[in-house]
Amino acid sequence: MFRVISRGRIKSPWIFHLNTGSCNGCDIEVVAAFTPRYDLERFGCLLVGSPRHADVLLVTGPVTRQMLPRLIRVYEQIPEPKVVVAVGTCASSGSPFLGSEMIEGPADRIIPVDAYVVGCPPRPEAIVKGVVMAVMSKFR
Amino acid sequence: MDAVVAFLISIPISPLLSLLFEGIDRKLHARMQKRIGPPVLQPFYDLIKLLGKERIIPATASTRIFEIMPMVSTASSLLGASILLSNILSNSNIVGDLILIIYLLAMSSIALIVGGSASGNPYSAIGFSRKISMMIAYEIPMLIAVISMAFGPSPSLAVSSIIEFQVSRGLPLVASRLSMALAAAAFLLCIPAAASVVPFDIPEAKTEIIYGFLIEYGGPYLALAKVSKSVLNFTLTLLASAIFLYIPSLLGEAALLNLGLSLFLCLIVSLLIMFITITVPRTVLARLKVGQALKFYWVLPLTLSFSSIILSAVNL
Ligand code: SF4
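> Before we move on, could you go through the overall build of chain B and cite the residues and values that matter?
Across its full length, chain B carries 13 helices and zero strands. Going from the N terminus to the C terminus, chain B shows its helices and strands as α-α-α-α-α-α-α-α-α-α-α-α-α. Here the C-alpha atoms of chain B give a radius of gyration of 19 Å, agreeing with the 20 Å that 2.2 N^0.38 yields for 316 residues. Its C-alpha atoms give chain B principal-axis dimensions of about 60 × 40 × 40 Å. Classification of the 316 residues of chain B by burial places 56% in the buried group. When contacts within chain B are restricted to residue pairs at least 6 apart in sequence, those whose partners lie at least 24 apart make up 81%.

As structure tokens, this is what we get:
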């Protein structure tokens, strides 16, 4: 029984994508991961528009001060069990913006992050791999 | 087969078949876009996952209605599917079950939008009003197309007697008369709106109002809503294949003796109908506005179904 449930979870991670002040480079690559060439849907992923439907939260951008309460709120709106993937160097480490007083991030200072996909922006293959690995390690 | 046994068998079979149909639909959709696509069993995985998730009820929702309505919706569409399936399996004669099935399907959509709009989210309110306008658009031509059966060559509103008539003629109903062909065309045109797939997915437009009335549903509630919707799509296609396009009737009397075989043929036909009326439109077309959809339905399918009634009055 437990194996059936965990298999269902691994096989259908639905993704909610939140831009926390990203430059839009990462967002374009997230969308590119759903195009026919990379086709994230072959792992059962769907890009959903409501956090209530999601299992995976993709965070892009270095979490600006404006986005802080929203990030927390969206994280809490996702029903358990959930996975967070930080996409891009900004979300993973804050990179060029680290130390700026407009920045509250990186993301793992605010919410628990399960996988980091680095790159500026990361390639769609890397995003696909990040999502699949995060889901595999968390739900197995 | 005994009617009660057939009904009891079809209760578990119909959701399984409809989820399978949905999986095939998603796979075909992906292949038409040159993607690999999710596995055919994907809807089952989604269902298992959703059932195992946390239940969240928004603070603004009226809890009871929000909780109960997905169950009402699933129960009524499941009941509609099982009545239809058991009729095909057993030739049991329930008077007027065609109207009952159509009513149960409308009931399942209405229950879902009522539950969704009880969540207090403004997007679900928009979805609610859009769905009501869409129902005004497609339910009327669809109902008239079904009622034109009563004026047709087999004046009956029972699925099994329509099937028996087709078998005795050795021809599916569309081929027997012009009026029935028009009614079938009107019914098929109404399927994409009733299933709310892309050209007519106005009430739940994903990129626009974020699934409309489904927006606050998550976890087990969403699972029930998904099952209800896929059973509804399956019932619509199976209904079209049973009352208008009963291909097993070409076998003659053997169709009534070999119920398993005729059910299989019927399912193949309904798969084809699903491909034509659900998969192809949602792959190649873009979303319309409510006004455009209303205009479309009140021009083409309504004319078709009315002319079907007029033609059958003069025995064509
Ligand atoms: S990692 Fe690069 S591409 Fe992504 S948001 Fe930051 S600056 Fe933009």
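> Tell me about the overall build of chain A, and name the residues and values.
Broken down by element type, chain A carries five helices and five strands. Relative to the globule expectation of 14 Å for 140 residues, the C-alpha radius of gyration of chain A, 14 Å, shows essentially globular dimensions. In terms of overall dimensions, chain A has C-alpha extents of about 50 × 30 × 25 Å along its principal axes. Taking all 140 residues of chain A together, the buried fraction comes to 55%. When contacts within chain A are restricted to residue pairs at least 6 apart in sequence, long-range pairs at least 24 apart make up 82% of them. If you sum the accessible surface of chain A, you get close to 6,500 Å²; carbon and sulfur atoms cover 58% of it. Taking the average location of the 16 positive side-chain charges in chain A and that of its 12 negative ones, the two points are 7 Å from each other.

> A description of the interface of chain A and chain B should follow, citing residues and the corresponding values.
On the chain B side, the residues contacting the 28 residues of chain A number 30 residues. For the interface between chain A and chain B, the tally reads six salt bridges. A salt bridge links aspartate 39 of chain A to arginine 35 of chain B; the nearest nitrogen and oxygen atoms lie 3.2 Å apart. One can count 19 residue pairs in polar contact (both at pLDDT 80 or more) joining chain A with chain B.

> Lay out the pairing of strand β4 (residues 83-87) of chain A with the relevant residues and their values.
Residues and elements named next belong to chain A. Most of β4 is tucked away, with five of its five residues classed as buried. Burial along β4 is two-sided: the face carrying Val83, Val85 and Val87 and the face carrying Val84 and Ala86 are both buried. Of the strand pairs in this sheet, strand β3 (residues 56-60) and β4 are connected by five bridges, and their pairing is parallel. In the sheet register, threonine 60 faces β4, and the bridge partner there is valine 87. Once the chain exits β3 it traverses helix α3 (residues 68-77) before rejoining the sheet at β4, and the crossover so formed is right-handed.

> Outline the packing of aromatic side chains, supporting the account with residue identities and numerical values.
All names here are of chain B. Here the structure, examined in full by the defined rule, presents eight aromatic pairs over all chains. Summarising the aromatic geometry, the rings of phenylalanine 66 and tyrosine 221 are spaced 5.8 Å apart at their centres and angled 65° between planes, so their arrangement reads as edge-to-face. Here the residue phenylalanine 66 occupies a position in helix α3 (residues 63-90), and tyrosine 221 occupies one in helix α10 (residues 219-243), the gap between them amounting to 155 residues. Note on tyrosine 221: relative accessible area 2%, which makes it buried.

> Requested: an account of the site of the ligand, with residues and values cited.
All names here are of chain A. Around the ligand, the neighbouring residues are Ser22, Cys23, Gly25, Cys26, Gly88, Thr89, Cys90, Gly119, Cys120 and Pro121. Breaking the shell around the ligand down by element, the ones donating at least two residues are α2 (25-32) and α4 (89-93). In terms of residue class, the shell around the ligand is built from five nonpolar, five polar and no charged.

> Account for the pattern of salt bridges, naming residues and giving values.
All chains considered together, the criterion is met by 14 salt bridges over all chains. Here lysine 53 of chain B and aspartate 55 of chain A are joined by a salt bridge, their closest N and O atoms 2.5 Å apart. A residue pair is termed interchain when its members come from two chains, as with lysine 53 of chain B in the loop between α2 (42-51) and α3 and aspartate 55 of chain A in the loop between β2 (46-47) and β3. What makes lysine 53 of chain B buried here is its relative accessible area of 7%. Within the structure, one salt-bridge network assembled from shared partners comprises Asp39 and Glu41 of chain A together with Arg26, Arg35 and Asp46 of chain B.

> A description of helix α8 (residues 178-194) of chain B should follow, citing residues and the corresponding values.
Residue and element names in this part refer to chain B. Taking 1.5 Å of rise per residue, 17 residues should cover 24 Å, and α8 covers 24 Å from first to last C-alpha, within 8% of that figure. Buried residues dominate α8, accounting for 12 of its 17 residues. For α8, the complete set of buried residues consists of Ser179, Met180, Leu182, Ala183, Ala184, Ala186, Phe187, Cys190, Ile191, Pro192, Ala193 and Ala194. On the buried face of α8, the contacting elements are α4 (97-117), α5 (122-151), α7 (173-176), α10, α12 (259-284) and α13 (290-313). Phi turns positive, to about 35°, at serine 196, one or two residues after α8.

> Requested: an account of the packing of α4 of chain B against α5 of chain B, with residues and values cited.
When two helices pack together, their arrangement is captured by the angle between the axes and the distance separating the axes. Residue and element names in this part refer to chain B. At a minimum axis separation of 10 Å, α4 and α5 run at an interaxial angle of 175°. Comparing the axis directions of α4 and α5 gives the class roughly antiparallel. From α4, Leu98, Ile99, Ile102, Ala106, Ser109, Ile110, Ile113, Val114, Gly116 and Ser117 reach across to α5, where they touch Ser124, Phe128, Lys131, Ile132, Met135, Tyr138, Glu139, Leu143, Val146, Ile147 and Met149. Its residues assigned to classes, the contact of α4 with α5 comprises 15 nonpolar, four polar and two charged.

> Tell me what's going on with a nonpolar patch on the surface, and back it up with residues and numbers.
Residues Ile99, Leu143, Ile147 and Phe151 of chain B make up a contiguous nonpolar surface patch of roughly 300 Å² in combined accessible area. You can call phenylalanine 151 of chain B partly exposed: its relative accessible area is 45%.

> Pulling in residues and values, what's your account of the environment of arginine 3 of chain A?
All names here are of chain A. Residue position: arginine 3 is located in helix α1 (residues 2-11). By relative accessible area, which is 72% here, arginine 3 ends up exposed. Once the C-alpha coordinates of arginine 3 and arginine 140 are considered, the two residues, 137 residues apart in sequence, prove to be 8.4 Å apart.

Definitions and limits used
Residues numbered from 1 in each chain as written. Chains lettered and ligands numbered in written order. Predicted model: local features only at pLDDT ≥ 70, side-chain atom pairs only at ≥ 80, totals over all residues. Heavy atoms only, no water. Helix = DSSP H or I, 4+ residues; strand = E, 2+ residues; numbered from the N terminus. Rg over C-alpha atoms; globule rule 2.2 N^0.38 Å. Buried < 20%, exposed > 50% of the residue type's maximum accessible area, 1.4 Å probe, protein only. Contact = heavy atoms within 4.5 Å. Areas by Shrake-Rupley, 256 points an atom, 1.4 Å probe, with all protein chains shown as cover. Lys, Arg positive; Asp, Glu negative; His and termini not counted. Charge placed at Lys NZ, Arg CZ, Asp CG, Glu CD. Salt bridge = Lys/Arg side-chain N within 4 Å of Asp/Glu carboxyl O. Polar contact = N/O pair within 3.5 Å; in protein donor to acceptor, adjacent residues only side chain to side chain. Pairing = 2+ DSSP bridges. Right-handed = clockwise from strand over helix to strand, strands pointing away. Phe/Tyr/Trp six-rings, centres within 6.5 Å; stacked < 30°, edge-to-face > 60°. Near = heavy atom within 4 Å. Nonpolar A, V, L, I, M, F, W, Y, C, P; charged D, E, K, R; others polar. Expected span 1.5 Å × (residues − 1). Axes fitted to C-alpha atoms, helices over the stretch in contact; angles between N-to-C directions. Parallel < 35°, antiparallel > 145°, perpendicular 65-115°, else oblique. Patch = residues over 30% accessible without salt bridge, like charges linked within 9 Å, V, L, I, M, F, W, Y side chains within 5 Å.

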